Amino acid sequence: MPSTITRGQRFVLAAVCAVAVSTIYAIQPVLESAGGELGLAGPELGRLVAAGQLGYFAGLVLLVPLGDILDRRTLIVGHLILTGTGAAITSLAPGGVAAGAGLALAGLFAVVVQITVAYVAATSPPGERGRNIGTVTSGVVLGILGVRLLAGVLGDSLGWRSVYAVLAVLCLALALLARLTLHPDVRPARARYRDVLATAGRLVATDRLLLGRGLIAFFLFASFGTLWSGLALPLGAAPWHFGTTVIGLFGLAGLIGAVAAARAGSWADAGHAHAVTGWSLALLAVSWTLTAWTSPGLWPLIAGVVLLDFAVQAVHVSNQHLLTAAHPERSSSVIGAYMAFYSLGSALGATTTTAAYAAAGWRASCLLGAAYAVAALAVWALTRRTSAFPRRAASGDASVRHFGEVLRSDRGTPAQQQPIQVVVAVTAAAQRSPRRGHAAVRRAARRALGRGPCGPCWSRGGSAGQWPR
């Protein structure tokens, strides 16, 4: 049963997300200095960034589904240790091959972020799930943006290797802290790994909510990657000529927006996840009109960064809340599949922003980022009915509880009333007819009960009483 997550546990879980994701993005601010020391140049530098991203994508597909099989606390601890091992290998690497291997290992097990989100979803009461997910996932954005500042300062003062040495120590410390402070999250039934992977694949192909929210995430993080993978280009060029440390300070503007969006989880708990998604995506598109202005001053750019990161975090939290509420027993697989869209979108944004900047400057990159935002908004508009399902399912759950209580009190034991068939029928009806609410639930339950020994009187009405309205 879900139990309340304490403030201290939320802090630990947010820190796990921040540090783990930092191992993937820490190489970007120090890429040039790392390449010079490792003997890499030109296209070879891109391989260092790609190594971590490819490892992360493989982890999303192969490792995250383990959270639906094994104790997630154990997975969090083990993944943190192996992520720290990858960071340590990177910090000690004598050449580019070893550094790439370390980054790939760190990226592979940095999917502890998704295991952590699934842990939070599984152990939170329904009324607190959105708030807790919002708090913990804010650590992801804090890590992505904050590590730019950390890497800039440490890279300029102690060298790029110190960045990964610090991250390795933090991973190991958090592994110990997680083991001591988190409650076990043992799976109620042991599923086979192969079956869990197959289920995740079927969900991507058949689940409209997952596909819709995944496509939103794809374009959302393509827009996000367009900003943060390309922002150093105009800031490092004329007339600013900023160095690594100063460019890293712009991550603070993003942190302000990400922290402000922590309320998105509470809005989702109140049933507003769909509306929050819509106006946040519109805000994301508008933010690019400010981000495009880099002269004569940088205040419009800073304001645009704050708005962009607020919008991205609000949509990201809403997406994960809807998905974990719709699939509570398969939250790890669902989040892993969802984050695969995130990973591909981030890679698309990082690749295309540099090409756009090289072709037509920063304004072209901003136009591209705005186009990705508009595409996400279009997907949201086209999938409104599907996205509304979890909220409506809540009212369906009330109907299920109501007729369940009546049946248990008046019609014998649950074993005599086919509870499994009823639940299956009700769930299928709610998925097929998300906008019909209680009516679809009642019709499905009548049909299911009508097949049992006491069903006819309930499906048609009779001496035992009418169906509860």
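Residues numbered from 1 in each chain as written. Predicted model: local features only at pLDDT ≥ 70, side-chain atom pairs only at ≥ 80, totals over all residues. Heavy atoms only, no water.

**Topic: helix 8 (residues 160–181)**
Part 1: For helix 8, which comprises 22 residues, the first-to-last C-alpha distance of 32 Å matches the rise-based estimate of 32 Å (1.5 Å per residue) to within 8%.
Part 2: The set of residues buried in helix 8 consists of Trp160, Ser162, Val163, Tyr164, Leu167, Ala168, Cys171, Leu174, Ala175 and Ala178.
Part 3: Those residues of helix 8 hidden inside the fold are in contact with helix 1 (7–25), helix 2 (31–38), helix 4 (72–92), helix 5 (96–109) and helix 7 (129–157). (Helix = DSSP H or I, 4+ residues; strand = E, 2+ residues; numbered from the N terminus. Expected span 1.5 Å × (residues − 1). Buried < 20%, exposed > 50% of the residue type's maximum accessible area, 1.4 Å probe, protein only. Contact = heavy atoms within 4.5 Å.)

**Here we look at the side chain of Thr116**
Part 1: Structurally, Thr116 is set in helix 6 (residues 112–123).
Part 2: Apart from the residues lying within four places of it in its own chain, the contact partners of Thr116 are Leu13, Val16, Cys17, Ile76 and Val136.

**Description of the confidence of the model for the protein**
Part 1: Looking at the protein, the pLDDT average stands at 82 and 80% of residues meet or exceed 70.
Part 2: Within the model, the stretch residues 389–421 combines pLDDT values under 50 with 47 contacts to residues more than four positions away or in other chains.
Part 3: Here residues 431–437 is a poorly scored stretch, pLDDT under 50, and it has 10 contacts once near neighbours within four places are set aside; other chains count. (pLDDT = per-residue confidence, 0-100.)

**Quick look at the pattern of salt bridges**
Part 1: Inspection of the entire model under this criterion finds five salt bridges.
Part 2: Here Arg161 makes a salt bridge to Glu37, at a shortest N to O gap of 2.7 Å. Of this pair, Arg161 sits in helix 8 while Glu37 sits in helix 2, placing them 124 residues apart in sequence.
Part 3: The class of Glu37 is partly exposed, set by a relative accessible area of 47%.
Part 4: In this structure, Arg131 and Glu128 form a salt bridge, with 3.8 Å as the shortest nitrogen-oxygen distance.
Part 5: Members of the salt-bridge network, linked through shared partners, are Asp68, Arg72 and Asp185. (Salt bridge = Lys/Arg side-chain N within 4 Å of Asp/Glu carboxyl O.)

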